[in-house]
Structure formats: structure tokens, C-alpha cells
Amino acid sequence: MTRMAQADSGVEANARLTSYVGLVLTVLLAVEFISGLAIRKSLSTHVLVGLLAVPPLALKLGSVGYRFVRYYAGEPRYRAAGAPALGMRLLAPLLVLLTAVVFISGLELWFFGYRFGVFWIPLHHGSAYLWFVIVAAHVINYMRRALNLTAADWKDHLQGALTRQSLVVASLILGAALIIGMLTFHSPFGFLAGES
């Protein structure tokens, strides 16, 4: 394999990792949003899926952040691969900011309830609705590419395929460990609060 082909495979590997974890997050965040709409009946589902999603979300932000840094630092391989569409580049900072607000406000509510004020509830709800719209645009734009890249990894086994798959599985295992760790924590809302 030539040096240029190896370089290109590194860019492709990053794109495939981003796609794997993106597909997993699409499922988790859809469940998270639906359970958020019926929060009084499914608070525990909302919390559990939210906790499960934290490590895969960190993995996705890491893989995308790595590509972002390499591209804007002028790395020739990443420059040659090109930038995302202009609309997606403009939405990206807002998507990252809203993701942080949604998850931080949700964790704050779970850990502290109303101890630091009731404004956390409208902040969490308001940011979640706006976040959902932006995530939907992101998913619509990238879904076909993510499916193609993931399928390609199973077909051609680009070097590191097992590592990429293992990273995604490990992020889910870490999310499950986070859930187990939280089972002993007494939230101000009570773990099964609002469930019938």
C-alpha cells in the first residue's frame, strides 16, 4: 500500500468510526427524545437512555473533533477529503452547544433537582426541542453516507475495522456501567418517579 493510500485510509477510518457511532446514537437519541415527550410516564427510560448515550456521544464528538482539528490545521489528507457541506458546517457549533446544554441540564436536574433553581427545567426542555430539529437535519444529511460507510467496513474490512467496532461497543459498555453506578444514587426525583 502506498503512503498516499495509507493516508487516505486513515481519513476513511475516521469517517467510518464517526458513522458507526452516529448510527448507534441515532437510535439512542430517538428513544431519548420520545421518552422525553412522555416524561411523566417514562422518566426512568429517559434517564437510563440518556446515561447510556453519554459515552457514545463523547466518542462521536471525539472523532468529529479530531477530523475538525486535522482539517483546519491544514493536514493535507483531511484537506483533500474536503469539508462538510456549508450548511452542516454552520450548524455544527450550534449542534455541539445544544448537545452540551441538553445533557448538562439533564444531568444537573437528575443529580440536584431544584436545588439550584427551577430554570433548569425550561432550559432543558427548550434546548431539547431546538436540539432535536438540528439533530434531525444532521441525521437527514448524513444517514445515507453513514449507512454506506458502515456497510463498506463490513465488506472490505479496512484496516482497523475491529478496533472501530470495539470502540463503539466499549462506549456502550461504559454507558451501561454508568447506569449501574447511578442505580445506587438517590435522585431528588426518585428513580422511578412518575412511572405508573
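These numbers were taken from a predicted model, which means no experiment stands behind them.

Asks: How should I be thinking about the packing of aromatic side chains in this particular structure?
Replies: In the structure shown here, the tally under the stated rule is nine aromatic pairs. Geometrically, the ring pair formed by F68 and Y72 is tilted, given 4.8 Å between the ring centres and 55° between the ring planes. Taken together, the residues F68 and Y72, both in helix 2 (residues 43-72) and four residues apart, mark about one turn of the helix. You can call F68 exposed: its relative accessible area is 52%. One aromatic cluster in this structure is built from F33, Y129 and F132. The ring of Y71 is capped by R79, whose NZ or CZ atom sits 4.3 Å from the centre of that ring.

Asks: Mind showing me how you'd approach the layout of surface pockets here?
Replies: A water-sized probe, rolled over the atoms, reveals where empty space remains. Of the volumes computed, that of the largest pocket is approximately 1300 Å³. Taken together, 48 residues make up the lining of the largest pocket; nearest its centre are T18, K60, V64, H138 and Y142. Every element with two or more residues in the lining of the largest pocket is listed here: helix 1 (3-37), helix 2, helix 3 (76-81), helix 4 (86-112) and helix 5 (120-156). If you tally residues by element for the lining of the largest pocket, the top one is helix 1, at 14 residues.

Asks: Would you mind showing me how to read a nonpolar patch on the surface here?
Replies: A surface patch of nonpolar side chains, amounting to about 330 Å² of accessible area, comprises F68, V69 and Y72. Inspection of the secondary structure puts V69 in helix 2.

Cut-offs used in this document
Residues numbered from 1 in each chain as written. Predicted model: local features only at pLDDT ≥ 70, side-chain atom pairs only at ≥ 80, totals over all residues. Heavy atoms only, no water. Phe/Tyr/Trp six-rings, centres within 6.5 Å; stacked < 30°, edge-to-face > 60°. Helix = DSSP H or I, 4+ residues; strand = E, 2+ residues; numbered from the N terminus. Buried < 20%, exposed > 50% of the residue type's maximum accessible area, 1.4 Å probe, protein only. Lys NZ or Arg CZ within 6 Å of the ring centre and 35° of its normal. 1 Å grid on protein atoms, 1.4 Å probe; cavity = no way out; pocket = protein on both sides within 12 Å on 5 of 7 lines; lining within 4 Å. Points joined across faces, edges and corners; volume = space filled by probe spheres on them. Patch = residues over 30% accessible without salt bridge, like charges linked within 9 Å, V, L, I, M, F, W, Y side chains within 5 Å. Areas by Shrake-Rupley, 256 points an atom, 1.4 Å probe, with all protein chains shown as cover. Salt bridge = Lys/Arg side-chain N within 4 Å of Asp/Glu carboxyl O.

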